Amino acid sequence: MTREWLKRWGRGGGRRWAVLALALAGCGKVGGCGASGPLSESERRSLPGVIAFVSERAPQRDVWLVRPSTGEETQLTRGPEDEYPAAPSPDGSAVMVVASAEMQGLHVEQLRLAPLDGGPVVNVTPPRSRARNPSWAPDGRWFVVESDAQGFSDVVRQAPSEGAEVLPLATAREGNFEPSVSPDGTQVAFVSSRSGDPEVYVMKADGSDVRQLTTFHREDMAPLWSPDGQWISFLSDREGRVRLFVVKPDGTTLRAVSGKAKLGEEREPAWSPDGRKLVFVAPSKAKDAQGTQARIWLVDLAGGGEPVALTDGKAVDDQPAWSPDGKYLVFASDRLGDVELFLMRADGSGQTRLTTSPGADWLPRWFTPPGGR
């Protein structure tokens, strides 16, 4: 979860989604949903993996799983607090969950590891005011997380087990945020305010050899490694509005993903599994600062060109996530009044409703469990 995400939902964004009753959105020229219709049953049955998501169908928010091939749903977490899917484990056997609650007037977060096989949930951190944005090493033996275990906001490393030793990696007193482990597990990108304003940094996985990648007097945030390790994406308000940028891990070739296009406030980037494409969200109209309607855009970094809209912008289409094979996307949308998950092909065609229960369903994470399906 990025700071942008937390701010948005902390301001009541989730509740806003839950009560919005926008008119049924049709399918425009963009995205192909009107032209192609929903996915066929045979195509649905071929969809890989499982999708974790947060659902508001109970008084508290819980993590559920849905198989895109069948629509079969199972409840993964049942804690009394609000729980959100943060990051599936690399082997797909469990989901790292952020549990959030108010205790004696204080906001408290806890990381928990929820096994898919129904085994006991593991409390990998004690309840504290900051335990968010976990990122796994590729072998699943450790993860990094934004934590106040020893300071205001540090980047720390630990094994995914209860009582594991906590190793501080970045500890500047001004704050360190939003760590992201490189695909080969040797480096960690993160945000630090040590120089006076938030900038993107990279360090080795043991916390040594810290290098500053960005330098600008505005806020750079939410770094994410591309799966091929060739790029790091990040959000920045350096142009007076939040845009999505990419930069090489050595700090060169910094550029805006949307090029010359003016798409308004950009958010929720997600890399394709091959690292060649990015999807992200921007308002339907650049002047729509409140984000009351939003569409999903795709840009081909490898092939070049301007972003292409995948959804028609008549509703709030948000939080896109790629299928493990890179052929499909899942996203949250309020196009039917309630917030539900939808599927589509990676070119925007075949838009198909996935979840149907009353109460908002959002924040999807698509991954492959043990055994492949």
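Here the structure is a predicted model, which is why all the values come from computation and not from measurement.

Kindly report on the packing of aromatic side chains, identifying the contributing residues and their values.
Within this structure, the stated rule accounts for six aromatic pairs. Both rings, one in Phe 190 and one in Tyr 201, keep their centres 5.7 Å apart while their planes meet at 25°; by these two values the pair is stacked. Highlighted residues: Phe 190 in strand β13 (residues 187-192) and Tyr 201 in strand β14 (residues 199-204), separated in sequence by 11 residues. On the basis of relative accessible area, Phe 190 is assigned to the buried category, the value being 0%. For Tyr 201, a relative accessible area of 4% puts it in the buried group.

Hey, could you go over the sheet that holds strand β21 (residues 277-283) for me, with residue numbers and the actual values?
Read across the sheet, four strands follow the order β20-β21-β22-β23 without closing on themselves; strand pairing throughout is antiparallel. Both edges of this open sheet fall to β20 (267-271) and β23 (308-309), since each of them pairs with a single strand only. Sheet analysis places strand β22 (residues 294-300) next to β23, joined by two bridges and oriented antiparallel. Pairing of Trp 297 across the sheet is with Ala 309, part of β23.

Explain the pattern of salt bridges to me, using residue names and the numbers behind them.
What the rule picks out here adds up to 17 salt bridges. A salt bridge links Asp 361 to Arg 57, with the nearest nitrogen and oxygen atoms 3.3 Å apart. Separated by 304 residues along the polypeptide, Asp 361 in strand β28 (residues 361-367) and Arg 57 in the loop between β1 (50-55) and β2 (62-66) bring together distant segments of the chain. The exposure class of Asp 361 is buried, given its relative accessible area of 0%. The salt bridge involving Arg 353 is made with Glu 340; its shortest N-O contact spans 3.2 Å. Taken together, the positions of Arg 353 in strand β27 (residues 352-353) and Glu 340 in strand β26 (residues 338-345) put the pair 13 residues apart, joining distant regions of the chain. Taking relative accessible area as the criterion, Arg 353 reaches 34% and is therefore assigned partly exposed. Because the salt bridges share partners, they merge into one network encompassing Arg 57, Glu 73 and Asp 361.

Calculation notes
- Residues numbered from 1 in each chain as written.
- Predicted model: local features only at pLDDT ≥ 70, side-chain atom pairs only at ≥ 80, totals over all residues.
- Heavy atoms only, no water.
- Phe/Tyr/Trp six-rings, centres within 6.5 Å; stacked < 30°, edge-to-face > 60°.
- Helix = DSSP H or I, 4+ residues; strand = E, 2+ residues; numbered from the N terminus.
- Buried < 20%, exposed > 50% of the residue type's maximum accessible area, 1.4 Å probe, protein only.
- Pairing = 2+ DSSP bridges.
- Salt bridge = Lys/Arg side-chain N within 4 Å of Asp/Glu carboxyl O.

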